[in-house]
Structures are given as C-alpha cells and as structure tokens.
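# Summary of structural features
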Amino acid sequence: MSAHRTPVTVRVPAKVNVRLAVGAARPDGFHDLANVFLAVSLYDEVTATPADALTITCTGPDADQVPLDRTNLAARAAEILAARAGIEPAVHLHIAKNIPVAGGMAGGSADGAAALLACDTLWGLDTPLTELLDICAELGSDVPFSLVGGAALGTGRGELLTPVGAGTFHWVFAVADGGLSTPAVFREFDRLAEAEGTEIPEPEASPALLAALASGDAEALAAVLANDLQAAALSLRPSLAATLAAGVDGGALAALVSGSGPTTAFLCRDAESAEKVAAALSASGTCRATRIASSPAPGATVLPS
Ligand code: ATP
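Everything quoted here is computed from the prediction, not taken from an experiment. Counting from 1, residues in each chain are numbered in the order their sequence is written. At least 70 in pLDDT is required for a residue's local features to be given in this predicted model, at least 80 for side-chain atom pairs to be given and counted, and no such filter applies to totals for whole chains, interfaces and linings, which use all residues.

## Some thoughts on the overall build of the chain
Stated precisely, the cut-off is as follows: Strands are runs of DSSP state E lasting at least two residues, helices are runs of H or I lasting at least four, and both sets are numbered from the N terminus onward. Atoms counted for the radius of gyration: C-alpha only. Globule rule: 2.2 Å times the number of residues to the power 0.38. Think of it as a crowd count around each C-beta: if 20 or more other C-beta atoms lie within 10 Å the residue is buried, if 12 or fewer it is exposed, and in between it is partly exposed, with C-beta placed from the backbone throughout. Here the contact rule is simple: place C-beta atoms from the backbone, and any two residues whose C-beta atoms are within 7 Å are in contact.
Check the secondary structure of the chain and you find ten helices and twelve strands. Taking 2.2 N^0.38 as the reference for a compact globule, 305 residues should give roughly 19 Å; the C-alpha atoms of the chain span a radius of gyration of 19 Å, in line with that estimate. Considered along the principal axes of its C-alpha atoms, the chain spans approximately 55 × 45 × 35 Å. Per-residue burial for the chain yields a buried fraction of 50% across its 305 residues. Within the chain, contacts between residues separated by at least 24 positions form 76% of all contacts whose residues are at least 6 apart in sequence.

## Things to note about the nonpolar core
Put simply, the rule is: We call a set of buried Ala, Val, Leu, Ile, Met, Phe, Trp, Tyr and Cys residues a nonpolar core when their C-beta atoms link them within 7 Å. Domain start and stop positions are those given by an automatic or database domain assignment.
Of all hydrophobic cores here, the largest spans 104 residues; its most connected members are A115, W171, V172 and L267. When residues in this core are grouped by element, the largest group, eleven residues, is from strand β2 (residues 31–50). Split by domain, this core shows at least three residues from each of two domains, domain 1 (8–165) and domain 2 (169–295). When sequence neighbours within four positions are dropped, the list of residues in contact with V172 reads G247, A252, F266, C268, A274, V277, A278, L281, T290 and I292.

## A word on the site of the ligand
The line we're drawing: Residues are counted as near a molecule or strand when the C-beta atom, derived from backbone positions, lies within 6 Å of that molecule or strand. The nonpolar class holds Ala, Val, Leu, Ile, Met, Phe, Trp, Tyr, Cys and Pro. Asp, Glu, Lys and Arg form the charged class, and all remaining residues, Gly among them, are polar.
Taken together, 22 residues surround the ligand, and among them A106, G107, G108, D111 and T182 come closest. Elements represented by at least two residues in the shell around the ligand include exactly α1 (73–85) and α2 (107–122). A per-class count over the shell around the ligand returns nine nonpolar, eleven polar and two charged. Counting only domains with at least three residues in the shell around the ligand, you end up with domain 1 (8–165) and domain 2 (169–295).

## Quick notes on the environment of L20
The residue L20 is located in strand β1 (residues 8–25) in this model. For the pair L20 and P67, spaced 47 residues apart in the sequence, the C-alpha separation amounts to 27 Å. Other than its neighbours up to four places away in sequence, L20 contacts L33, N35, N227, D228, L229 and G259.

## Observations concerning the sheet that holds strand β7 (residues 169–175)
The test is simple: Here, any two strands with at least 2 DSSP bridges between them count as paired. Angles shown run from 0 to 180 degrees and are taken between the N-to-C directions of axes, each axis being a line fitted to C-alpha atoms and, for helices, limited to the stretch in contact.
Reading across from one edge, β9-β10-β7-β11 is the order of the four strands in this open sheet, with antiparallel pairing throughout. In this open sheet, the two strands that pair with only one neighbour each are β9 (254–257) and β11 (289–295). Recorded for the sheet is a direction-independent mean angle of 25 degrees between the axes of neighbouring strands. Note that β9 and strand β10 (residues 264–268) share four bridges and pair antiparallel. By the bridge assignment for β10, V257 is matched with T264. Each of β7, β9 and β10 is contacted by helix α9 (residues 240–249), which is oriented at about 15 degrees to β10, the strand it contacts most. Together, β7, β10 and β11 form the strand contacts of helix α10 (residues 271–284), whose direction differs from that of β7 by roughly 15 degrees.

## With respect to the UniProt feature "binding site: ATP" (unreviewed entry) in the chain
Where we set the bar: UniProt positions are given in the numbering used here, feature names are shortened, and annotations may be inferred rather than shown by experiment.
Within this structure's numbering, the places UniProt gives as "binding site: ATP" (unreviewed entry) are P100, V101, A102, G103, G104, M105, A106, G107, G108, S109 and A110. Mapped onto the fold, S109 is located in helix α2. You can call S109 buried: it has 24 C-beta atoms within 10 Å. Contact partners of S109, with chain neighbours within four places excluded, come to L73, G140, D142, V143 and S146.

## With respect to the pairing of strand β6 (residues 160–163)
Both strand β5 (residues 151–155) and β6 contribute to a ladder of four bridges, which runs antiparallel. Among the inter-strand pairings, L153 is bridged to a residue of β6, identified as T162. Where β5 folds back onto β6 in an antiparallel hairpin, the turn is made up of four residues, including G156, whose phi is positive at roughly 70 degrees.

Below is the structure:
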C-alpha cells in the first residue's frame, strides 16, 4: 500500500433516470424499484488532501445548501472507509459542486462515491471494486451507480446494478428554485396511490425501453421514457408543469421530471437542438437555470494530478 501525499481529485457524474418504475411500499418502508440510470456529463469534483482531521468545504452556485458536517455523504464515505481500514479519517474533502442540490440528479450520492474513490487512492488502500460497491450501497441507493456510471438497470432499492447498452443522447436540464426531499416525494407517491386505489404493478423496465436506449435512437427513447414519481413531484410542485411544457414547445422530443425532482430533463434530437431547447427554457422564465449535457458519461474517475 502506497499512500499519496499530494491531493487526489475525483470527477463524478450526475444521473437521470430514463425509466423509474416504483413498486408498492414494502414492510420496511422502502419501495422496490426498476430504475434505468444514465450518467450525464454534468460533474462534481471532490479533492481529498491529507489533514489533521476530517473537514469539508464546498464551492459552487448551490454551495450554501450543502451540509459541511458529518451528514455530508462525502464525509460518511471517508469515515466508513477509514473504519474498515483501521485508520483515522484524517482528510480534508473539497467539493466543487456543479450538480444541482436536492434536484433528483443524485448529487449527494455522486459526492459520496467520489470521496470514497479519492480517499481510497489517497490512502493507497486499493480496495477491490466489489467492496467499494458494498460501501456505496451502505451509503445510499443511488451511490453504487455514481461510482460505475455509464448506463445500468438498478433493482432492489435501486442499488443492485446490471450494466445496459446505451447510445449517445443529448439532454437539457432545467434547474428549479429550491429542492424536493426524496422521502417526501415517495410519501406523496404512496398517498396518491392510496387515494386513487390503484393496484401498483411489479416494477420493471420494458424491453422496448432497453432496446431504444441501446440503439441511440432519440425518437424511440422519447416514446418510452417514463418516471412513476412524476405525478407525485408535480403534486408537490405544480409549477413544474409549465417548465415541462416550455421545453416541449421549444423543440424537446420528450420531457420528464428527473428522479424525485424538481430538476426537469429534456431529451433532444442532437446537440444543436439542445442549444435551442435551453434557450427556449431560459426565455420562458419557468426555471432558475439550464444545463446542457450528453450521455452516457463515465463513472467516478481519478483526474491526473
Ligand atoms: P437523489 O437524486 O439521489 O434522490 P438529490 O439529487 O435529489 O438526490 P442531493 O443533491 O443528493 O439530492 O441532496 C439531498 C440532501 O442530501 C440535501 O438536501 C443535503 O441535505 C444532503 N446532502 C448530503 N451530502 C450532500 C452532498 N455532498 N451534496 C449535496 N447534498 C448533500
């Protein structure tokens, strides 16, 4: 084992779910999911530097909303890894935050995966990938995907991953004011299901969706992508309907709430169309900011120092 004395920086992507199928609430309160994750080229960077004790700083447009205490998933990742290795988590973690906070794009999960890889490299631990993935699953349902990136089907709570094929797609993301709490959106999903008395089917990702994803055919993917949490997110944040409509009017092939929201995602025909959709969304005044990205993006990656 050879520890680094110089800082280690890891770049990590955000995600969008092109299919988020939600099953009925389980006795433990979680929901079984069939989750098709796609990593997109919107990145946070986490830098690990040797220090006397575990400390965190964060910069970026939403930095004031990021907790800098031990509840930050990056701090928890460092603590769990250090405890397993029998060492002190003597590290300073700096998060350069570009992924919207509490936006349904797994930004906190991304930082957890990035901090894990950065500390593993800094401390020269060479932890096998399967063990890193176990720690990720302990940190949260979306964290294993942030580590591996690309495109994958997640089952269980979303943490059991199977890689799937994906062609290139172009996206615009509309960032909303404020966040939405993921547990609150799941509670609203349960409330709406009970009020409507609907039978919730077993969650699954259709073969048509997986074929469209693999083909890189944006029109085919636009016809089948879907998010079972969308109605719940719209119920809690009705103004998102205007954002979705503005993106479609601006030329997007499909619009959906990203994960538990409130970020909205717009699938576009190509990079040029994405520029136009982003301009239309900005002009509509229905969102705080727009970001253009493509998929699939690689998972957590150590940057050359
Ligand atoms: P997901 O899509 O996985 O449900 P999200 O993108 O909606 O997550 P996050 O950005 O991960 O939401 O933030 C959710 C909450 O997690 C924040 O409100 C914050 O209190 C907490 N949190 C913990 N660590 C971080 C982090 N590194 N970055 C951002 N938020 C964090």
